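# Chain and residue survey
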Amino acid sequence: MEGFHWRDGELWAENVRLADLARAHGTPLYVYSRAHIEGQFRALQSALQGLQPTLFYALKANSNGAIIRLLARLGAGADVVSGGEMERAIRAGVPPSRIVFAGVGKTVEEIDAAIARDIRCFTVESEPELERLSARAARQKHRARVAIRVNPDVDPQTHVYTSTGMRENKFGVDLERAEQAFELAGSLPGVEVVGVHMHLGSPLADERPYVEALDKVMPLCRRLRARHPAFRYLDMGGGFGIPYWPRQSPFPLEALARELAPRCRDVGLEVAFEPGRFLVGNAGVLLTTVQYVKDNPFRKFVIVDAGMNDLLRPPLYDAWHEIRPVVPRDGEAIHADVVGPICESADFLGTDRQLPPVQEGDVLAVLGAGAYGMAMASNYNSRGRAAEVLVDGDRAAVVRTRETLDDLVRGECCPDWL
Ligand SMILES: Cc1ncc(COP(=O)(O)O)c(C=O)c1O
């Protein structure tokens, strides 16, 4: 994990001790490494250079403005799924010409705002959305560029909640119906067909689902190229997996490029990807402080100050995050569940873990928490969301302050009859 490493028996983010950050900013605290994000972006560009892809960072993975800005400066565009994400991207310096907008439920207001911004492309997920988009664009005397999201019905072999390219999912249009959807798009005054989109699921372990999906959509792409003059690009979505535990293999990007490049060249398509997790997942850790070590006759619990409101992935996806004390103590390992303070049995960060001995006050790092961590955080149990810090070499900056009680109640009002 470039960016985080062990030095003198302690865990560091680049040249900064995580223990020092916990002391200075309190916990729960998200810490991100700039070097890791840059390294991942460059690794992606270099491994996929045979494809010359356009890279749209999927903001849903982590929408902190500093991280978006960092990636925008490296040349990434943005894949957004709401009006809020679109505005965040623009504020962070992503030009609208490098923004693609996906999502099954775009409202009229979101569509109007994106048309007014003249974004690069809408990823359209259904026929009714095509009709709505065309009508709204025509009102503004505009033709919105669209890529229709197709469902190649490929099993990505991942958690059912993050598997999105199967025919029974709510996303996109079945491959069998796709031709008709493109036909409809071609007949509408307010849209112009420029591409085809797919996203199979996340995280994917290897290139096989992408290759299978591509082989399924290629005949459609050939026909679309012949029918729609502006049709030129294939967006294969995100989903590149990352190692969440030691010895887990990295995603084989070179193999993906090797398989995809000749196929895409054959049809003359420009390729795009929408990586999220790959860029930021292992760029972040969640620091949390041990509150109590609780023994009951059946199980030991390490109770910490971060809960499922800070990191939802373990209960939501059965996701596994490695948990390590930032300054491990010597002594006999313990076997315990690491749980949060929230009043839910699902409030755990890790179960059945072997850990070095820990005591109240020790700081633990939950690794691989940069993607879908803070982005999914909530105020459940009236807990303010964590602060976020970005490390760059030997400096560290707060990129989001910890939420206060005032933040928690902002916007609430009481009717005068109470
Ligand atoms: C359409 C789309 N693109 C990109 C992504 C990003 O996926 P990942 O973070 O696994 O790269 C997602 C994730 O849900 C998605 O739905």
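Conventions and cut-offs
- Residues numbered from 1 in each chain as written.
- Predicted model: local features only at pLDDT ≥ 70, side-chain atom pairs only at ≥ 80, totals over all residues.
- Heavy atoms only, no water.
- Helix = DSSP H or I, 4+ residues; strand = E, 2+ residues; numbered from the N terminus.
- Rg over C-alpha atoms; globule rule 2.2 N^0.38 Å.
- Buried < 20%, exposed > 50% of the residue type's maximum accessible area, 1.4 Å probe, protein only.
- Contact = heavy atoms within 4.5 Å.
- Lys, Arg positive; Asp, Glu negative; His and termini not counted.
- Charge placed at Lys NZ, Arg CZ, Asp CG, Glu CD.
- Near = heavy atom within 4 Å.
- Polar contact = N/O pair within 3.5 Å; in protein donor to acceptor, adjacent residues only side chain to side chain.
- Areas by Shrake-Rupley, 256 points an atom, 1.4 Å probe, with all protein chains shown as cover.
- Core = buried A, V, L, I, M, F, W, Y, C linked by side-chain atoms within 4.5 Å.
- Domains from an automatic or database assignment.
- Buried area = accessible area lost by both parts, 1.4 Å probe.
- Salt bridge = Lys/Arg side-chain N within 4 Å of Asp/Glu carboxyl O.
- Nonpolar A, V, L, I, M, F, W, Y, C, P; charged D, E, K, R; others polar.
- Pairing = 2+ DSSP bridges.
- Arc of directions from axis to C-beta.

Right, let's talk about the overall build of the protein for a bit. Along its length, the protein carries twelve helices and 21 strands. Relative to its length of 418 residues, the protein is compact, with a C-alpha radius of gyration of 23 Å against a globular reference of 22 Å. Each principal axis of the C-alpha atoms in the protein carries an extent, and together these give about 70 × 65 × 40 Å. The buried share of the protein, reckoned over its 418 residues, is 55%. Partitioning the contacts of the protein with sequence separation of at least 6, the portion at a separation of at least 24 is 70%. Seen as two clouds, the 49 positive and the 56 negative side-chain charges of the protein have centres 5 Å apart.

Our focus in this paragraph is the site of the ligand. With respect to spatial proximity, 14 residues lie near the ligand, and among them Ser-202, Gly-239, Glu-274, Arg-277 and Tyr-372 are the closest. The side chain of Ser-202 places a nitrogen or oxygen atom 2.4 Å from an oxygen atom of the ligand. In this structure, Gly-239 approaches the ligand through a main-chain N or O atom, which is 2.8 Å from an oxygen atom. Protein contacts shield 91% of the accessible area of the ligand, which totals 400 Å² for the unbound molecule.

Moving on to the nonpolar core. Ranked by size, the top nonpolar core spans 107 residues in total, and within it Tyr-57, Leu-71, Phe-122, Phe-273 and Val-302 carry the most contacts. The element contributing the most residues to this core is helix 8 (residues 208-227), with nine residues. Mapping this core onto the domain boundaries places at least three of its residues in each of domain 1 (4-31 + 281-409) and domain 2 (34-279). Ignoring sequence-local partners within four residues, the contact set of Leu-71 consists of Ile-37, Phe-41, Tyr-57, Ala-76, Leu-279 and Val-280. Membership of the second largest hydrophobic core comes to 19 residues, among which are Leu-18, Ala-19, Ala-22 and Ala-365.

It is worth spelling out the domain arrangement of the protein at this point. Along its sequence, the protein is carved into domain 1 (4-31 + 281-409) and domain 2 (34-279). The interface is formed by 24 residues belonging to domain 1 together with 20 residues belonging to domain 2. Both sides of the domain 1 and domain 2 interface together cover about 2,000 Å² of buried area, and 55% of this is carbon and sulfur. Looking at the side of domain 1 facing domain 2, the largest losses of area belong to Asn-282, Tyr-317 and Tyr-372, adding up to 28% of the total buried there. Here domain 1 and domain 2 share one salt bridge between them. Asp-392 is paired through a salt bridge with Arg-34; the nearest N and O atoms lie 3.5 Å apart. On the surface where domain 1 and domain 2 come into contact, there are nine residue pairs in polar contact (both at pLDDT 80 or more). Mapped by element, the contributors of at least two residues to the side of domain 1 that touches domain 2 are helix 11 (313-317), strand 20 (387-392) and strand 21 (395-400). For the side of domain 1 that touches domain 2, the element with the most residues is strand 20, which contributes four residues. By residue class, the composition of the side of domain 1 that touches domain 2 is ten nonpolar, six polar and eight charged.

Strand order in the open sheet formed by three strands is 1-2-3, and the pairing between neighbours is antiparallel. Whereas interior strands pair on both sides, the edge strands pair on one side only; in this sheet they are strand 1 (4-7) and strand 3 (16-17).

Turning our eyes to something else, we now look at the side chain of Arg-149. Mapped onto the secondary structure, Arg-149 falls in strand 9 (residues 144-151). A polar contact is formed between the side chain of Arg-149 and the side chain of Glu-125, at a distance of 3.1 Å.

The next thing to look at is helix 5 (residues 108-117). Of all the positions in helix 5, only Glu-110, Ile-111, Ala-114 and Ile-115 are classed as buried. Axial view of helix 5: buried residues confined to an arc of 130 degrees, hence all on one face. What points out from helix 5, more than 90 degrees from its buried face, is the exposed set Glu-109 and Ala-116. Taken together, the buried residues of helix 5 touch helix 4 (83-91), strand 7 (99-101), strand 8 (121-124) and helix 6 (127-139). Where helix 5 ends, the next residue or the one after it, Asp-118, has phi of about 55 degrees, a positive value.

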